[in-house]
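Analysis of the macromolecular model
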Amino acid sequence: MPFGDGPEAGNMPKVKEYRIERSMPKEAVACIECHKREQPGIFADWAASRHASANITCLDCHQAESFDPDVSQGHFKQYEKSDSPYGTKEYRVPVSGVVTPKDCSRCHPDEATQYSRSKHANTMEIIWKIDPWLNDGMNSSLERQSGCFHCHGTVLKQKDGELDPSTWPNVGVGRVNLDGSKGSCTSCHTRHRFSVMEARKPEACGQCHLGPDHPQIEIFTESKHGDIYTAFGDQYNWDAAPGTWTPGVDYRAPTCASCHMSGAGTVLTSHDVTERLAWEIQAPETVRPSEFKPFPAKTNHETEREKMKAVCMQCHGQTWVDGHFNKFDGVVAEYDSVYFAPANEMLAQLYEKGVLARPPFFDEALEVEFYELWHHEGRRARMGAAMMAPDYAWWHGFYECKKRYNSFMHEARTMLESGEKAYKAKDFPGATGSTTKPPEVFGGK
């Protein structure tokens, strides 16, 4: 039975035909025929995928046990009304609308295991441990759903047999799924093409890694690596088989994936983005990944630095690579000692003297000033240095750090001398979010 014909074909790109009479169960054929008619975009994406070439169907990924917590009850009802030539009994099977890393692990066990131990998969635990916006309830549930949780993930729930709209749709990297798994492979390999090529491009990461606090996509674009990608990216061999994508052969300059995930030389591919990191430069004070208290990495920073250097040395010499990382380590030390440490000490004095009130955070101007010193300018300075983007290291980074630091310290000293307490916002907008940590994230604790 060929796909790609019928009345809808004129409105769709030409797709490869598949002979499925002998290789797919009737239930799978029914799924494909229905989605071809009802959601032709989904069908076209799947038909062009490597999954389709291997006869991996909707059923292979979505099928569930009848007792699974994420079974779609509405799908059952839809089947009962179906006019499929195969009848309802033969293909009325339980399916889940959400495909999780646990489902993907049936064919991709190593990738799922690596992902499960990464900061990506566990980001909900991390932000609920450290983020004052959540712990102090300083933003609303809608602000969280449309903003924070869009990238970090929601805790999925069902309501009346279907996914609760307050938690769905969501493909956040740390989504907590109903089957207990964490994350969403479609954060990077979007449905239903699940393309390796797409995940190798920086735009995949740039969906979340952008903006004033973590502008990695902007930093990459400014860097020499990004400039080469912009100029020559259309010549890269994006479709090389997994594990074989090679610098100097398939691409001229690295993307985010090249440095942080893809294999190169003797360094193996990994879906754990915590690997190859020697510093946690998103933290207020820079620490080693193994010392990051909310989620300590089970890695050795010296070993991981050598992995990253080995990736760099596919294109650069030893002197170049050592020089870059020596400069980066110096930037980290200078930020920590010159900017963060004295500002943090001053903040402690303000609380000790009662000039600032303790939680909730953000309802006093100096708290916001301190937060943005590390969360915005401080991150940009360190990230710009890490990825060789001088404008972000200086003008968006240390230059802005100086302005923020001076403003914060001047106001803080003035208030300490006068003893006058800081103005505390009485009507902080949108401060209605729940402060209860999700038990699904913390194992009921």
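Look up a bit, the structure's there.
Below: a short report on this structure. (Residues numbered from 1 in each chain as written. Predicted model: local features only at pLDDT ≥ 70, side-chain atom pairs only at ≥ 80, totals over all residues. Heavy atoms only, no water.)

1. Structural notes on the side chain of Asn177
Checked against the element boundaries, Asn177 lands in the loop between strand S2 (162–163) and helix H11 (196–200). Polar contacts involving the side chain of Asn177 include one to the main-chain carbonyl oxygen of Gly183, which spans 3.0 Å. Once residues lying within four places of it in the same chain are set aside, the contact partners of Asn177 are Val98, Thr100, Pro101, Leu156, Lys182 and Gly183. (Helix = DSSP H or I, 4+ residues; strand = E, 2+ residues; numbered from the N terminus. Polar contact = N/O pair within 3.5 Å; in protein donor to acceptor, adjacent residues only side chain to side chain. Contact = heavy atoms within 4.5 Å.)

2. Topic: the packing of helix H8 (residues 123–130) against helix H10 (residues 141–152)
Two elements in contact, H8 and H10, have axes whose closest approach is 9 Å; the angle formed by their N-to-C orientations is 130 degrees. The angle between H8 and H10 places the two elements in the oblique class. Where H8 approaches H10, its residues Thr123, Met124, Ile127 and Trp128 are matched on the opposing element by Arg144, Phe149 and His152. Of the residues contributing to the contact of H8 with H10, the split by class is four nonpolar, two polar and one charged. (Axes fitted to C-alpha atoms, helices over the stretch in contact; angles between N-to-C directions. Parallel < 35°, antiparallel > 145°, perpendicular 65-115°, else oblique. Nonpolar A, V, L, I, M, F, W, Y, C, P; charged D, E, K, R; others polar.)

3. A word on the side chain of Asp250
Structurally, Asp250 can be placed in the loop between helix H14 (224–232) and helix H15 (256–260). Within the buried core, Asp250 has no salt-bridge partner, and the shortest N-O distance to an opposite charge, that of Arg200, equals 6.9 Å. Setting aside anything within four residues of it in sequence, one finds Asp250 in contact with Tyr236, Asn237, Ala240, Thr244 and Trp245. (Buried < 20%, exposed > 50% of the residue type's maximum accessible area, 1.4 Å probe, protein only. Lys, Arg positive; Asp, Glu negative; His and termini not counted. Salt bridge = Lys/Arg side-chain N within 4 Å of Asp/Glu carboxyl O.)

4. Points about a nonpolar patch on the surface
There is a patch of nonpolar side chains on the surface, built from Trp394, Trp395 and Tyr399 and spanning about 310 Å² of accessible area. Tracing the chain through its elements places Trp395 in helix H19 (residues 390–418). Under the relative-accessibility criterion, Trp395 is labelled partly exposed at 45%. (Patch = residues over 30% accessible without salt bridge, like charges linked within 9 Å, V, L, I, M, F, W, Y side chains within 5 Å. Areas by Shrake-Rupley, 256 points an atom, 1.4 Å probe, with all protein chains shown as cover.)

5. Points about the pattern of salt bridges
Taken as a whole, this structure holds 19 salt bridges when the rule is applied. When the shortest N-O distance is used, the salt bridge between Arg37 and Glu38 registers 3.3 Å. Residue classification places Glu38 among the partly exposed residues on the basis of a relative accessible area of 46%. Of the charged contacts, one joins Glu275 and Arg117 as a salt bridge, the two residues approaching to 3.8 Å between their closest N and O atoms. Separated by 158 residues along the polypeptide, Glu275 in the loop between H15 and helix H16 (301–312) and Arg117 in the loop between helix H7 (109–116) and H8 bring together distant segments of the chain. Judged by its relative accessible area of 12%, Glu275 is buried.

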